[in-house]
Amino acid sequence: MSGDDTITFERFLELHQPQLLSSGLPERYWLTLFEKLKNEVFDAGNTFQMQMFLAEGEEESGSSKVEWQVAVTAEEGVSLDDPKQIYLIDHAWTYTCAEARSHLTNYSGLLERMMALMDIKAEEKTKEENIEEVLKTMWKYNQTYSFGHFTFGTEESMPVWYIMDEFGSRIQHSDHPSFHVVPFAYAVTGVVYSIMWPVVALEEGDTVSRNYINLKAGEQHPNNIQALMTPWFPQDMTHINFKHEEPDDAFFESFRIAEILPSPTFEMPPLPKDRNLKVFTQYSLVAKFLTDPRFEIVENPEEADILWYNEHFKDFKGLSENQPTTLINQFPCESVVTIKDKLAITARRAATENSDPMKSNPKWLPVTYNLRTEMPKFISYYQQREAQGLDNHWICKPWNLARALDTHITNDLGQIVRLNESGPKIASKYIESPVLFHREDVGLVKFDIRYLILVNSVKPLEIYAYQVFWLRFANKPYSLDTFDDYHKHFTVMNYANEGKDLKQIHYDDFIPMFEAQNAGFVWSDIENDIFVMFRELFEAATSLPSPRGFVHNPQSRAAYAIDLMLDWNTKPSGERYMQPKICEVNFGADCDRACLYHPFFYNDLFSVMFLNDTEDKHVVPL
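Residues numbered from 1 in each chain as written. Predicted model: local features only at pLDDT ≥ 70, side-chain atom pairs only at ≥ 80, totals over all residues. Heavy atoms only, no water.

**Q** Got a minute to help me understand the overall build of the chain in this structure?
**A** When helices and strands are tallied, the chain shows 20 helices and 25 strands. Since a compact globule built from 622 residues should have a radius of gyration of about 25 Å, the 28 Å found for the chain is in line with a globular shape. In terms of overall dimensions, the chain has a C-alpha envelope of 90 × 60 × 45 Å along the principal axes. Looking at the chain as a whole, 53% of its 622 residues qualify as buried. Restricting the contact set of the chain to residue pairs at least 6 apart, pairs at least 24 apart contribute 67%. Here the chain has roughly 28800 Å² of accessible surface; of this, 50% comes from carbon and sulfur atoms. (Helix = DSSP H or I, 4+ residues; strand = E, 2+ residues; numbered from the N terminus. Rg over C-alpha atoms; globule rule 2.2 N^0.38 Å. Buried < 20%, exposed > 50% of the residue type's maximum accessible area, 1.4 Å probe, protein only. Contact = heavy atoms within 4.5 Å. Areas by Shrake-Rupley, 256 points an atom, 1.4 Å probe, with all protein chains shown as cover.)

**Q** Even after reading the chapter, I still don't get the pattern of salt bridges, so can you show me in this structure?
**A** In a structure, side chains of opposite charge can pair up when their charged atoms sit close to one another. Applying the stated rule across the entire model yields 29 salt bridges. The closest approach of N and O atoms between Glu166 and Arg113, which form a salt bridge, is 2.9 Å. Within this pair, whereas Glu166 is found in helix α7 (residues 166-169), its partner Arg113 is found in helix α5 (residues 110-117), the two being separated by 53 residues in sequence. Given a relative accessible area of 35%, Arg113 falls into the partly exposed group. Across the pair Arg349 and Glu246 runs a salt bridge whose closest N-O atoms are separated by 2.9 Å. Taken together, the residues Arg349 in the loop between α13 (340-347) and β15 (368-370) and Glu246 in the loop between α8 (222-228) and α9 (249-253) connect sequence positions 103 residues apart. Assessed through its relative accessible area of 22%, Arg349 is described here as partly exposed. One connected set of salt bridges, linked through shared partners, spans Arg101, Glu128, Glu132 and Asp484. (Salt bridge = Lys/Arg side-chain N within 4 Å of Asp/Glu carboxyl O.)

**Q** I'm lost on the sheet that holds strand β10 (residues 207-210) in this one. Help?
**A** Within a sheet, neighbouring strands are paired by backbone hydrogen bonds and run either parallel or antiparallel to one another. Read from one edge of the open sheet, four strands run β1-β2-β10-β7, paired in mixed fashion. Pairing within the sheet leaves two strands with one partner each, and these edge strands are β1 (48-54) and β7 (172-173). Here two bridges tie β7 to β10, and the two strands are oriented parallel to one another. Looking across to β10, one finds that Gln172 is bridged to Ser209. (Pairing = 2+ DSSP bridges.)

**Q** What exactly am I supposed to notice about the nonpolar core here?
**A** Nonpolar side chains tend toward joint burial in soluble globular proteins. Counting 84 residues, the largest nonpolar core has Tyr602, Leu605 and Phe606 as the members making the most contacts within it. By size, the runner-up hydrophobic cluster in this structure holds 46 residues, among which are Trp139, Ile213, Phe378 and Leu413. (Core = buried A, V, L, I, M, F, W, Y, C linked by side-chain atoms within 4.5 Å.)

Rendered as structure tokens:
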């Protein structure tokens, strides 16, 4: 909505009541908040004052390090019963992580303001050095908000980060805070502020404080609190055992819509052999490129022999009862590989005994921690790597988003801890020594490889690798720095603005180029290692019953896109080798390029998955 001076309190409540309730703001403050938002009243200075003083021990050392606090200066103090004790705090800087460096570089006065707010001395540093210092220090000051649903992962829920103005930024932490401070979006103008209100009565001279962390259910354990406070109050957590433990069934069922499984005794009748198979699809490319005369497209799913959905299907029991002769392109509980936090847990079932605890196990899985459930373990592992001088760059990914959305690379522990506030994430060890590809137009760049795996059966396990693979390339030479440079560290360029920079090489052209650039390495050997990795993953994924593993279902077939990279490793003999490592597994992957360059793509897939016809279909059984 545009600004409207005539908005009424009743209309304000209509627009904002869900936000008012979720913020925890007591109702006695609602009218005052409305009036202050409507008239843009920033009157905290009438009640409070920012105070600066030398940090403890700094006077004797001759240093100029200062500390700040906000104190009550009103003679009458602050009363909990006073409905006027609600205050607006402006935001000095609002940004996304991808924009931060650009803002500091190009917005006049922003860098200087942030340095002053964060007490960063310019000294003899260059502008770039000052920007780097702000980008590192800002994780002690910023907060985040988002509109959307984190748990189910919509692109509309992409987080926005902000830093409160000097007043808000200088309110100090307390485990027993005197004020609540939360963001509040005023729908009339579209402006987001922070609001603060008291939770205890204060007298003149008392200190204003807030709690820097918002503990969620199950996070009250002292180790969790200590871990979440790390950005501000670092402590040694190496005494915590960083070894992974597979969680219970409740974890695999949490935050997900339950699937209704078919009867374990259900047996599917054979498909008809005297006519074409009828296919219902939600994906336009299937309708366009499935030209094999043994299949025909139908508009009604109830008439179909094959259902090819883009959205997740849940009622497998209903399908077995209502359409017992119909196949579907999904398996029950396939989320054990398609959701990133579950993928790591599932893959670790393939680990070997007596391996180096500092290294990946299995070798093809980057060390991964769930930052929502394993933060203390992660910090212990991080600190032990740091003590041993090991590389400590990590890639933090939402477990419920794709296309590198809200994904960040950093070696800063404080940033990793804070990133979890913008939605649940995993931290995976960043592949710091990737095998690179020489682009004539750019130089040595990162690349990843996408294979399709076709699963025809769980019991027995019957899987195929589609040998036509796809490649994605970064657009800038690789180096272990400037991790916010998307075109250096990421390879997903076929969406949004990145599409114009998409570098494409066909797989059959890539293989001889790759072998020429890596003398002594034969692609068929590397591909064999990749296929062994795929087999081990799906053996792990089918080794345990629901909800921890794929459920056998005679009506299910599926195709999964697996993204991987090659990592340089060294054998005990000193010989270098290329280790494939899985990045993620996707259901319903985008197959535009597959159809564009290989029009036979869906004919191959449907022949293998639904007719068991593998001859000349570009597949290898695993």
